[in-house]
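# A look at the structure
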Amino acid sequence: MVTLSLNACSQLPSTKALQISPRNTKLLPFTISSTILSRATSSSAATPQEPIIRTNYAGVQLEETVHDDTKPGKLRLDSWISSRIQGISRGRVQSSIKSGLVTVNGRVVHKVSHSLATGDKVNCVISELQPLRAVPEDIPLDIVFEDAHVLVVNKPPHMVVHPAPGNATGTLVNGILHHCSLPTVAFSQKDVLSDTEDVSDDEDFSYGTSAAASIRPGIVHRLDKGTSGLLVVAKDEHSHAHLSEQFKQHTIQRVYISLTCGVPSPSAGRVDIPIGRDSNNRIRMVAEPGLSHHGRARHAASRYKVIEVLAGGGSALVQWRLETGRTHQIRAHAKYMGIPLLGDEVYGGTKSMALSLLRTRTHPNCNDQLSLLISRLERPYLHALSLGFEHPYTSKKMHFSCRPPPDFSETLTHLSKIGVEKCANMQCAHIIL
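Residues numbered from 1 in each chain as written. Predicted model: local features only at pLDDT ≥ 70, side-chain atom pairs only at ≥ 80, totals over all residues. Heavy atoms only, no water.

## Description of the overall build of the protein
A count of helices and strands for the protein gives 11 helices and 19 strands. Out of the 433 residues belonging to the protein, those deemed buried represent 53%. Taking the intrachain contacts of the protein between residues at least 6 apart in sequence as the baseline, contacts between residues at least 24 apart amount to 70%. When the accessible area of the protein is evaluated, it comes to approximately 19,300 Å², of which 49% is carbon and sulfur surface. (Helix = DSSP H or I, 4+ residues; strand = E, 2+ residues; numbered from the N terminus. Buried < 20%, exposed > 50% of the residue type's maximum accessible area, 1.4 Å probe, protein only. Contact = heavy atoms within 4.5 Å. Areas by Shrake-Rupley, 256 points an atom, 1.4 Å probe, with all protein chains shown as cover.)

Right, here's the structure in full:
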């Protein structure tokens, strides 16, 4: 993970969670006084001290034995280290493990999911932050909110969030680097990680490799290339870890709206179907009951509500609230429900399917208008409407919303003119738009 600023600060991890070995203080990127060193190596020290303010954990060492008071079940190495160093992100720990900076019982371990057992002796040195590998570009950004610690951006459709093969420039990360006045550092495509190669199937923060961490400065969660709307960016390491934990605990509030092919039945409900990679197509996810029992998928839950029935039932404006953040979650769940998103060629919402469905539910006089409308579809019609989170420094509850872009609004307007049925006790589209 690459921080976007070294001006912000965070507290030194608690003495219970972090131990700093006296013989390894030369590894630390800051000076430790004898008083602070005593606190870090002795659990008996009880004298309250002022918190140590710093911006990263590079060089911090953890030496500890796994005790029998840990949670039952499989204990992953990366998860355990993250729990022992307060405030650090799991991605940073994973980078350290892959760099050969972690030993278990004296042996170097490179597998981030290595299972620990009671009595194992773990030694970990946190790696240096990877150099930036994206080039700052003067790309216009729609900044909804910004302070010294976080940035909230309204991402337009068709913009890729982070560099990847085939998308080395023109990404949100490139624009953020320029916006924050960071220097240019070249990168090669062999260093980057594409969406289809992620180790974890999460839209929330999860860096599969140190290379991925080096090119995604401050990105806590992702939006698909075709998805528009709100995305939060961390500007320092503490904010990144704090926001990542909120995503992990599912306390981030996210509301999306979409246009679907067909109308969900019932008009409101909850989809609790696991999602995993499609074995026949690595760029696509699949929602299927029972997948999680075979280790192929992860728990995924979405709540939906029909806002408006459009074009005589050929389409609908649907609101989504995510309980989890799996890759392509809404798109995969919508396909499972038989209502793929309008314009989503990957998940069944093809132009031919949409046109066929709409023509059967509208007057023949509308055929030419429908053909023109559908021919202009260039992406899945999904928009991240609102975003809420706790500020990583002030603990203030932050909430933001943004209107959908013109292509979404215009398509909704045209479908509304063809025919619209307002659902009882539901928010009208004109309020959203």
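## Re the sheet that holds strand β12 (residues 275–278)
Across the sheet, 3 strands lie side by side as β13-β12-β14; this open sheet has antiparallel pairing. Either end of the sheet is taken by a strand with one partner, and the two such strands are β13 (281–287) and β14 (297–298). Bridging between β12 and β13 involves 4 bridges; their strand directions are antiparallel. Residue pairing across strands places D278 opposite N281, the latter belonging to β13. (Pairing = 2+ DSSP bridges.)

## Here we look at the sheet that holds strand β3 (residues 61–65)
Strand order across the open sheet formed by 4 strands is β3-β6-β4-β5, with antiparallel pairing between neighbours. Edge strands, defined here as strands with exactly one partner in the open sheet, are β3 and β5 (107–108). Pairing analysis gives 5 bridges linking β3 to strand β6 (residues 121–125), with the strands arranged antiparallel. Across the sheet, E64 pairs through a bridge with V122, a residue of β6. The strands that helix α2 (residues 77–84) touches are β3, β4 (102–104) and β6; relative to β3, the one it contacts most, it runs at about 110°. (Axes fitted to C-alpha atoms, helices over the stretch in contact; angles between N-to-C directions.)

## Topic: the packing of α2 against helix α3 (residues 90–98)
It is at 9 Å that the axes of α2 and α3 come closest, and there the two elements cross at 120°. Overall, the two elements α2 and α3 adopt an arrangement that is oblique. For the crossing formed where α2 meets α3, the hand is right-handed. Residue-level contacts link L77, D78, S79, I81 and S82 of α2 to R90, V93, Q94 and I97 of α3. Residue composition of the contact of α2 with α3, grouped by class: 4 nonpolar, 3 polar and 2 charged. (Parallel < 35°, antiparallel > 145°, perpendicular 65-115°, else oblique. Left-handed = near helix turned anticlockwise from the far one by under 90°. Nonpolar A, V, L, I, M, F, W, Y, C, P; charged D, E, K, R; others polar.)

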